Amino acid sequence: MQSVSPELIFRGIDAWEKALPEITKITKNPLILGRSHNTYHLRDKIFRDLKNNNLNADFANLHFDCCYEDISRIKSIISKNFNDSVISVGGGKVLDAGKYIAECLDIPCITVPLSASTCAGWTALSNIYTKNGQFIKDVSLRSCPKILVYDHKFIQTAPSRTLASGIADALAKWYESSLTSATIDDGLVQQAIQISRVLRDQLLINGESAFKHQFENNPSWRNTIEACGLTAGLVGGIGGEKCRTAAAHAIHNSITQIITPNKFLHGEIVGVGLLLQLRLEEMKNKNKLADQSIKQLLELMKNLNLPTNISQLGIDVFKNQNLDKLAEFTCRDKSEIHFLPFEISKKDIVELIANFEEQKIKI
Ligand SMILES: [Zn+2]
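In what follows, the accompanying structure is described. Predicted model only: the values in this text are computed from it and were never measured.

What follows concerns the pairing of strand β3 (residues 58-61). Note that strand β2 (residues 30-34) and β3 share four bridges and pair parallel. Across the sheet, the residue bridging to Leu 33 is Ala 60, located in β3. You can see the chain leave β2, run along helix α2 (residues 40-52) and come back into β3, and the turn it takes is right-handed.

In this section: the pattern of salt bridges. Here the structure, examined in full by the defined rule, presents 25 salt bridges. Linking Asp 70 and Arg 73 is a salt bridge whose minimum nitrogen-to-oxygen distance equals 2.8 Å. A residue pair is termed a helical-turn pair when its members lie 3 or 4 positions apart in one helix, as Asp 70 and Arg 73 do in helix α3 (residues 68-81) at three residues. Of the residues examined, Asp 70 reaches a relative accessible area of 1% and is grouped as buried. Where Asp 106 meets Arg 142, a salt bridge forms, and the shortest distance between an N and an O atom there is 3.8 Å. In this pair, Asp 106 is assigned in the loop between α4 (92-105) and β5 (109-113) and Arg 142 in the loop between β7 (135-140) and β8 (147-151), connecting sequence segments 36 residues apart. Residue classification places Arg 142 among the partly exposed residues on the basis of a relative accessible area of 48%.

Moving on, we get to α4. Side chains of residues three or four places apart in an α-helix project in the same direction, reflecting 3.6 residues per turn. Over its 14 residues, α4 extends 20 Å from the first C-alpha to the last, a length consistent with the 20 Å expected when each residue adds 1.5 Å. Of all 14 residues in α4, ten are buried; the element is thus mostly enclosed. Regarding α4, the residues found buried are Gly 92, Val 94, Leu 95, Asp 96, Ala 97, Gly 98, Lys 99, Tyr 100, Ile 101 and Ala 102. Buried residues in α4 make contact with β2, α3, β4 (85-90), β5, β6 (125-129) and β7. In the stretch just after α4, Asp 106 is the one whose phi turns positive, near 60°.

Relative orientation of the contacting elements helix α7 (residues 187-212) and helix α8 (residues 219-239) amounts to 165°, with a least axis distance of 9 Å. As summarised for this structure, α7 and α8 are arranged roughly antiparallel, according to the angle between their axes. The chirality of how α7 crosses α8 is left-handed. Mapping the contact onto sequence places Leu 188, Val 189, Ala 192, Ile 195, Ser 196, Leu 199, Gln 202, Leu 203, Asn 206, Gly 207, Ser 209 and Ala 210 in α7 and Ser 220, Trp 221, Asn 223, Thr 224, Ala 227, Cys 228, Thr 231, Ala 232, Val 235, Ile 238 and Gly 239 in α8. Grouping the amino acids of the contact of α7 with α8 by side-chain chemistry returns 13 nonpolar, ten polar and no charged.

Another point: the coordination of the zinc ion. Protein coordination of the zinc ion is provided by Asp 169 (OD), His 249 (NE2) and His 266 (NE2), with donor distances spanning 2.1 to 2.2 Å. Read N to C, the donor residues that coordinate the zinc ion are spaced as D-x79-H-x16-H. One end of the pair, His 249, is in helix α9 (residues 247-255); the other, His 266, is in helix α10 (residues 266-285), and 17 residues separate them in sequence. Residue classification places His 249 among the buried positions, given a relative accessible area of 12%.

Note that Val 112 resides in strand β5. A C-alpha to C-alpha distance of 6.2 Å links Val 112 and Leu 148, two positions 36 residues apart in sequence.

Quick notes on the rules
The residue count restarts for each chain, going from 1 along the sequence in the order it is written. Reporting in this predicted model follows two pLDDT cut-offs: at least 70 for local features of residues, and 80 or more for side-chain atom pairs to be given and counted; totals over whole chains, interfaces and linings ignore these cut-offs and use all residues. Side-chain metrics in this entry use all non-hydrogen atoms of the structure; hydrogen atoms and water are not considered. Two strands form a pair only when DSSP identifies at least two bridges running between them. The numbering of helices and of strands both runs from the N terminus, where a helix is a DSSP run of H or I of at least 4 residues and a strand a run of E of at least 2. Place the viewer so that the strands point away; then a crossover is right-handed whenever the path from the first strand over the helix to the second strand goes clockwise. Basic side-chain nitrogens of Lys or Arg form a salt bridge, by our definition, when they fall within 4 Å of a carboxyl oxygen of Asp or Glu. The cut-offs for exposure are 20% and 50% of the maximum accessible area for each residue type, with area from a 1.4 Å probe on protein chains only; residues under the lower value are buried, those over the upper are exposed, and the others partly exposed. The length a helix should cover is 1.5 Å for every residue beyond the first. We call two residues in contact when some of their heavy atoms are within 4.5 Å. To define axes, lines are fitted to C-alpha atoms, for helices over the stretch in contact only, and angles between the resulting N-to-C directions are given on a 0 to 180 degree scale. Any angle that is under 35 degrees is reported as roughly parallel, and any over 145 degrees as roughly antiparallel; angles of 65 to 115 degrees are reported as roughly perpendicular and all others as oblique. Crossing chirality is assigned from the near helix's rotation relative to the far helix, an anticlockwise turn below a right angle marking it left-handed and a clockwise turn marking it right-handed. Only Asp, Glu, Lys and Arg are considered charged in this grouping, and only Ala, Val, Leu, Ile, Met, Phe, Trp, Tyr, Cys and Pro are considered nonpolar; every other residue, Gly among them, is considered polar. Only nitrogen, oxygen and sulfur atoms count as donors, using a 2.8 Å cut-off from the metal that widens to 3.2 Å for Na, K and Ca. Water is left out, so coordination shells may look unfilled.

Structure (structure tokens):
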């Protein structure tokens with residue numbers, strides 16, 4: 001069984017207004033799930049619009065990440081209120097939590113992304129973290145959200161940092177899936193990988209202009225936010241489980257294990273993981289093209305103000321046995337690193353990261 005996409009997708013400057021009549025058909029008493037104080041005014045607008053359409057909406061906020069503590073607390077709020085749907089309004093963590101909770105309770109989920117930072121508004125997948133933001137696992141869901149509302153006027157209010165993060169995460173689709181799934185003899189998977197290549201090209205062409213000019217009337221911005229929030233999700237939907245992530249996400253997951261005072265966004269960490277993955281390909285697979293890709297990506301990432309090494313994520317890998325911790329988690333049994341077409345040991349990861357961090361200035 002494969003769920004390729006949300007049942008209904010509304011996109012554009014007035015997506016929310018267009019979606020409202022459809023939303024009122026499937027829910028009478030939704031729970032609006034959010035997190036950030038900065039986006040409260042948008043959730044409040046959504047609440048008032050629902051009320052004007054005679055819906056009885058309630059609010060709840062995540063206190064942490066998409067973690068089991070918040071998930072069980074929100075589940076009991078929903079049971080107490082008799083909410084008949086979840087409207088997840090926010091970034092990736094809020095969207096993931098809403099999808100997961102709705103599936104557990106067998107009620108529909110409506111996703112309203114407030115930034116282009118991930119494709120979580122589309123996918124049938126939730127990443128679960130600890131309260132402190134350490135990655136635990138990803139959970140495959142039975143289906144994509146019932147309705148996805150990709151409203152450009154909401155996304156336009158997001159900080160440009162979220163767009164840069166979304167670009168890095170979407171770029172990883174091509175570099176990871178073409179490496180892990182190139183040998184798969186399944187037309188749909190091959191086509192999904194090809195879409196991720198076109199997606200990468202579009203981001204290389206439009207990404208910087210989109211980042212510097214976040215205006216609805218800028219076609220680069222419109223194309224880029226839709227590439228990050230929609231096309232990246234479509235690749236996952238068509239490719240399914242076989243169109244897998246690889247080292248970039250495995251390294252992301254291990255970096256989240258080290259708690260730092262400043263939190264970084266998912267795609268910001270994935271971007272660093274992506275550079276490390278390419279270095280690994282060069283090291284283990286003698287892939288000369290990987291070095292060219294690093295140079296090409298580094299230029300874009302610097303122009304997008306993205307971190308390009310682990311120390312810029314606030315972690316000194318040479319302290320507190322961090323190198324060992326990163327290698328241990330990256331190479332654990334269930335890690336995506338083992339989807340790579342070559343064997344990887346902890347020693348490889350220690351060597352990779354140590355060399356990468358030492359040479360970071362020269363790159
Ligand atoms: Zn990702």
